[in-house]
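Residue-level listing of the chains:
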Amino acid sequence: QAVMGVQVVVSLLAASVMQKMAPHCSFARWLLCNGSLYRYKHPSDEELCALAGKQRPKAKRDRRMNGVTDDKPLSVPRDIDLRLDTSPITAVDALVLRYFLEYQWFVDFAIYSTAVYVFTEGYYCLVDPQKETNIGVLWCLLTVVFSVKVFFMVMRHYFRSEEGGERSVCLTFAFFFLLLAMVALVIQEEYLEFGLEPGLAGVSSNLESILKQRGWEWTLPLAKLAFKLGLVALCSFLGACLTFPGLRLAQTHLDALRMAADKPLTQVLLHLSFLAPVLVVVMWIKPISRDFLLHAPMGKQTVQIMSDSAYNTTRLWTIVGLCLLRLAVTRHHLQAYLGLAERWVEQMRKEAGRIAVLEIQRKVRTRELGWEPGSGHGHRPPADPHCPQITRIYCYVSVVSLQYLGPIILTLHCTLLLKTLGHHSWGLYPEPPPLPPAATAAPPRPGSEDREDVRAAVEQITGILGGIFTPLFFRGFFAFLTWWVAACQVVTSLFGLYFHQYLAAS
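Let me begin by describing the structure that accompanies this report. Quantities reported herein were computed from a predicted structural model and do not represent experimental measurements. (Residues numbered from 1 in each chain as written. Predicted model: local features only at pLDDT ≥ 70, side-chain atom pairs only at ≥ 80, totals over all residues. Heavy atoms only, no water.)

A closer look at the overall build of the protein
Logical step 1: Looking only at helices and strands, the protein features 21 helices and six strands.
Logical step 2: The 506 residues of the protein split such that 46% are buried.
Logical step 3: For the protein, the share of sequence-separated contacts (at least 6 apart) that also reach a separation of at least 24 residues comes to 81%. (Helix = DSSP H or I, 4+ residues; strand = E, 2+ residues; numbered from the N terminus. Buried < 20%, exposed > 50% of the residue type's maximum accessible area, 1.4 Å probe, protein only. Contact = heavy atoms within 4.5 Å.)

What to know about the packing of aromatic side chains
Logical step 1: For the structure on display, the rule yields 26 aromatic pairs.
Logical step 2: Note on Phe 177 and Trp 484: the rings are 5.9 Å apart at their centroids and 80° apart in plane angle, and the pair reads as edge-to-face. Of this pair, Phe 177 sits in helix 7 (residues 165–186) while Trp 484 is found in helix 21 (residues 471–503), placing the two residues 307 residues apart along the sequence. For the pair shown, Phe 177 and Trp 484 are each scored as buried. (Phe/Tyr/Trp six-rings, centres within 6.5 Å; stacked < 30°, edge-to-face > 60°.)

Section: unusual backbone geometry
Logical step 1: One non-glycine residue with positive phi stands out, namely His 423, at about 60°.
Logical step 2: Checked against the element boundaries, His 423 lands in the loop between helix 19 (397–421) and helix 20 (454–468).

Section: helix 6 (residues 135–159)
Logical step 1: Its 25 residues place the ends of helix 6 36 Å apart at the C-alpha level, agreeing with the 36 Å of an ideal helix rising 1.5 Å per residue.
Logical step 2: One side-chain oxygen of the residue at the start of helix 6 lies 3.0 Å from the amide nitrogen of Gly 136, identifying that residue as Asn 134. (Expected span 1.5 Å × (residues − 1). Polar contact = N/O pair within 3.5 Å; in protein donor to acceptor, adjacent residues only side chain to side chain.)

Things to note about helix 5 (residues 100–126)
Logical step 1: An ideal rise of 1.5 Å per residue puts 39 Å on 27 residues; helix 5 measures up with 39 Å between its terminal C-alpha atoms.
Logical step 2: One or two residues past the end of helix 5 sits Asp 128, with phi positive at roughly 55°.

Considerations on the pattern of salt bridges
Logical step 1: Within the structure shown, the criterion is met by six salt bridges.
Logical step 2: Note that Lys 419 and Glu 121 form a salt bridge whose closest N and O atoms lie 2.7 Å from each other. Taken together, the residues Lys 419 in helix 19 and Glu 121 in helix 5 connect sequence positions 298 residues apart.
Logical step 3: Judged by its relative accessible area of 7%, Lys 419 falls in the buried class.
Logical step 4: Its relative accessible area of 8% is what places Glu 121 among the buried residues.
Logical step 5: Here Arg 290 and Glu 193 are joined by a salt bridge, their closest N and O atoms 2.6 Å apart. In this pair, Arg 290 sits in helix 13 (residues 290–294) while Glu 193 sits in the loop between helix 7 and helix 8 (196–214), placing the two residues 97 residues apart along the sequence.
Logical step 6: Exposure remark for Glu 193: the relative accessible area of 12% places this residue in the buried category.
Logical step 7: Through salt bridges with shared partners, one network takes in Glu 193, Arg 290, Asp 308 and Arg 315. (Salt bridge = Lys/Arg side-chain N within 4 Å of Asp/Glu carboxyl O.)

Considering the nonpolar core
Logical step 1: Formed by 116 residues in total, the largest nonpolar core has its most connected members in Leu 32, Tyr 103 and Trp 483.
Logical step 2: For this core, the element with the highest residue contribution is helix 19, accounting for 15 residues.
Logical step 3: Among residues more than four places away in sequence, those in contact with Tyr 103 are Ala 28, Leu 31, Leu 32, Ser 398, Ser 401, Leu 402 and Leu 405. (Core = buried A, V, L, I, M, F, W, Y, C linked by side-chain atoms within 4.5 Å.)

Here it is, written out as structure tokens:
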């Protein structure tokens, strides 16, 4: 009954609907191709010559017939009145986007995963099936794994650079986040309240009773050390993967603010969305978050504004709200990225001299990944060498979409896992009973006939794992993971602001 229950039916239905409806109804495709985003078209040779007052260049065949073999590149003045034509992005145009299929599948899967999770939450609220496995947790775990896979795919794209500039940046930030993770793990719980140490203490206590049955208690310190090292390595890897999404976010944030100069409300929303990771980081700093709300100073007395459980609930809803806010301003960031072509043309018109026509169509290449000329970052993405670079900005909009939406999806589903596996509450229905102290896992029963029964063996293994990995452990682990993803975004986006405002300008 627990295996083939309502949750499994809904899960299979969601997977079938996602597969069948993807060609017809896709949120990811609608996000890019709903007509609100417009791309810039590269100018042709004829258009550039007309603006420069030159004759239309002859075709290569006519040049050879006339005995002209001079291959001198065609050039035009830099200060020509060049205006790039725009065109809304359509579903047909999206077929040429790099990594578009990966982007569409990942974002749609995250949407269906959230829908299945919402259903399971309502199902558990109404029915309360104690013996069923929460299928929504499995979908969220898969979304977290796919998020990391997408980050790795994009980072591998940078590592293929010939000159290695982006590779050096990723390795530098990976080492920096390695040190930062070690510092975060040694800070006491009175300052960063992840609950990771109490969770590890419970796991160690439960694991010790099992290891003693087999005389392996000597491996317990090694298991602790391996977990800490693995967690630090995971943090360093996530930091490296989130480096360029943070740098890109800083650039699109600045450009989006310029585009919304006459829209104060849009600017406020952009600022709030940019500061969202900062708010997430602050909510786990105990002296300025929980302690302030639970013991708010009021003259010579302290007033308790909310309880511990209410604060946990408020923190969950705040993170979900901030993720939705960042999702709401996605269009502004993507349009700001597409506007890189127009910004370069405006900068070119301020310069003197002449420029080759091919240079106009290819100059945007150095701006493609958010780095300025002369910074030592010479990424050369694999693409058609005859494709104009203004068009290449458009071709990589799906990659930028992954860089923007990936951290949002990862943060949201880590928060959902924190709520469910950590036994928190949404505050909409009675919350679960408080977590008991770390209980000792029941040792396996030797010499039992149930060992021949597969179901009994599965229940026994599940019971042992459930006794080791308690809700207290999951609460600390996913709290730390949610906080770490936000901290990486804060560090990289602030560095990106400094780079694009000061280093790039110089």
